Amino acid sequence: MSKIGVIGAGKWGSALAFALGQENEVYITSRTPRDVENFVSLEEILKLEYLVIAIPAQQISSWLEDNFVFNNQKILVAAKGIEATTGRFLNDIYKPYVPDENIAFLSGPSFAAEVIKSLPTALVINSHNENLSAKFATFFPPFIKTYTSTDVMGAEVAGAYKNVIAIAAGICEGLGLGKNAAASLISRGLVEMQRFGYVYGAKEESFVGLSGAGDLFLTASSTMSRNFRVGLGIAQGKSQKEILKELGEVAEGIGTTYALNKIAKNKDLYLPIATEVYKMLEGEDPHISLKNFLSN
Ligand SMILES: NC(=O)C1=CN([C@@H]2O[C@H](COP(=O)(O)OP(=O)(O)OC[C@H]3O[C@@H](n4cnc5c(N)ncnc54)[C@H](O)[C@@H]3O)[C@@H](O)[C@H]2O)C=CC1
Ligand SMILES: O=C(CO)COP(=O)(O)O
């Protein structure tokens with residue numbers, strides 16, 4: 001039994017605390033105190049050797065700057081996203097605070113709502129330090145099947161990009177464009193994220209496996225996904241503000257779309273679906289944008 005601290009008591013942090021708590025002593029903290037079991041202060045959590053950080057990608061940079069004190073902790077990053085304002089990946093953001101050998105990134109198809117019901121789930125733990133991935137893998141209960149990989153970049157790109165494709169898939173569904181269109185969007189999305197990942201040295205295996213295809217199929221085909229629901233809102237002509245208010249939770253695909261747009265311009269990359277999603281988030285009529293994109 002190990003002591004593990006979870007930082008961030010949103011949907012995913014809470015579900016991971018539940019899962020890891022099956023066979024370990026788990027503590028949880030968040031910026032607003034909560035009446036949940038084993039809730040402790042951030043100061044207490046930071047003293048633990050193993051930490052799971054479930055703070056969204058858009059907030060993590062300022063959170064680390066304001067709160068984090070490195071004390072040789074081993075970190076498992078649970079967020080999926082690229083920073084909108086800078087286009088930085090999570091592994092870049094963490095770099096000044098945590099050495100590579102102390103950090104791992106979680107990926108794979110995993111709705112928190114199902115993990116919290118102990119439904120069978122498969123996850124990938126990605127780290128340059130194989131011993132660390134193997135160690136984190138031992139913390140998960142039997143209903144979670146764990147795999148390990150050293151392809152940090154592949155996991156990061158896939159986990160972040162699939163949220164953008166899920167927004168597009170939600171729009172496709174909301175506009176009633178049909179299953180043929182949805183399948184073409186999802187498969188073209190997989191190719192797009194893979195091509196993008198290769199620019200950063202990501203490996204093919206992450207895209208054809210759980211981190212890529214697995215998480216993309218899950219998120220881009222279900223109203224359980226917040227990002228998919230953002231797409232449904234766009235199809236209904238709602239504003240971004242309205243959609244986020246109704247959602248009341250994080251939808252990383254929005255920030256990631258802005259990040260991808262920035263990266264595409266800087267590096268002169270062709271990211272057709274991400275570019276269409278960007279235009280629609282910026283107010284372009286989805287009836288014109290997505291329909292044209294999916295037709296000749
Ligand atoms: N919910 C899910 O099924 C899954 C979520 N994820 C990822 O996990 C991350 C977190 O998502 P959820 O927990 O679902 O979102 P959520 O919207 O349920 O919760 C977000 C949490 O982050 C905290 N937070 C936000 N800004 C903060 C700040 N500046 N400082 C400290 N804490 C802050 C909030 O208090 C809240 O507890 C996202 O990157 C998401 O993509 C990954 C896999 C599954
Ligand atoms: O990453 C997820 C499942 O693997 C959760 O997706 P949403 O954030 O779109 O709900």
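Our structure's up above, just so we're on the same page.
This write-up is about the structure you can find in this document. As the structure is a computational prediction, the values presented were derived from the model and not from experiment.

Spanning 21 residues, helix α8 (residues 179-199) covers 31 Å between terminal C-alpha atoms, matching the ideal 30 Å at 1.5 Å per step. For α8, the complete set of buried residues consists of Ala181, Ala182, Leu185, Ile186, Gly189, Leu190, Glu192, Met193, Gln194, Phe196 and Gly197. Contact partners of the buried residues in α8: α7 (152-174), α9 (204-208), α10 (210-219), α13 (252-267), α14 (272-281) and α15 (286-294).

In this section: the site of ligand 2. Residues in close proximity to ligand 2 total 13 residues, the closest being Lys162, Asp215, Ser225, Arg226 and Asn227. Here an oxygen atom of ligand 2 sits 2.9 Å away from a polar atom, N or O, in the side chain of Lys80. For ligand 2, the protein covers 91% of the area, taking 310 Å² as the surface of the free molecule. Those elements that place two or more of their residues in the shell around ligand 2 are α10 and α11 (226-235). With three residues, α10 is the largest single contributor of residues to the shell around ligand 2. Looking at the shell around ligand 2, its residues break down into four nonpolar, five polar and four charged. Each of domain 1 (3-150) and domain 2 (153-294) accounts for three or more of the residues forming the shell around ligand 2.

Around ligand 1, the surrounding shell holds 21 residues, and the nearest of these are Lys11, Trp12, Ala112, Arg226 and Glu252. In this structure, Arg31 approaches ligand 1 through a side-chain N or O atom, which is 3.3 Å from an oxygen atom. A distance of 3.4 Å separates an oxygen atom of ligand 1 from a polar atom in the side chain of Arg34. Protein chains shield 87% of the accessible area of ligand 1, which is 830 Å² for the free molecule. Those elements giving two or more residues to the shell around ligand 1 turn out to be α1 (11-20) and α3 (57-67). The residue inventory of the shell around ligand 1, partitioned by class, reads 11 nonpolar, three polar and seven charged. No fewer than three residues from each of domain 1 (3-150) and domain 2 (153-294) sit in the shell around ligand 1.

Below, the discussion takes up the packing of α8 against α14. Look at α8 against α14: their axes get within 8 Å of each other, and the N-to-C directions meet at 110°. Compared by their axis directions, α8 and α14 come out roughly perpendicular. Facing α8, whose interface residues are Leu185, Arg188, Gly189, Glu192 and Arg195, α14 presents Pro272, Ile273 and Ala274. Considering only residue class, the contact of α8 with α14 consists of four nonpolar, one polar and three charged.

Rules behind the numbers
- Residues numbered from 1 in each chain as written.
- Chains lettered and ligands numbered in written order.
- Predicted model: local features only at pLDDT ≥ 70, side-chain atom pairs only at ≥ 80, totals over all residues.
- Heavy atoms only, no water.
- Helix = DSSP H or I, 4+ residues; strand = E, 2+ residues; numbered from the N terminus.
- Expected span 1.5 Å × (residues − 1).
- Buried < 20%, exposed > 50% of the residue type's maximum accessible area, 1.4 Å probe, protein only.
- Contact = heavy atoms within 4.5 Å.
- Near = heavy atom within 4 Å.
- Polar contact = N/O pair within 3.5 Å; in protein donor to acceptor, adjacent residues only side chain to side chain.
- Areas by Shrake-Rupley, 256 points an atom, 1.4 Å probe, with all protein chains shown as cover.
- Nonpolar A, V, L, I, M, F, W, Y, C, P; charged D, E, K, R; others polar.
- Domains from an automatic or database assignment.
- Axes fitted to C-alpha atoms, helices over the stretch in contact; angles between N-to-C directions.
- Parallel < 35°, antiparallel > 145°, perpendicular 65-115°, else oblique.

The values reported here are purely geometric and, on their own, carry no functional implication.
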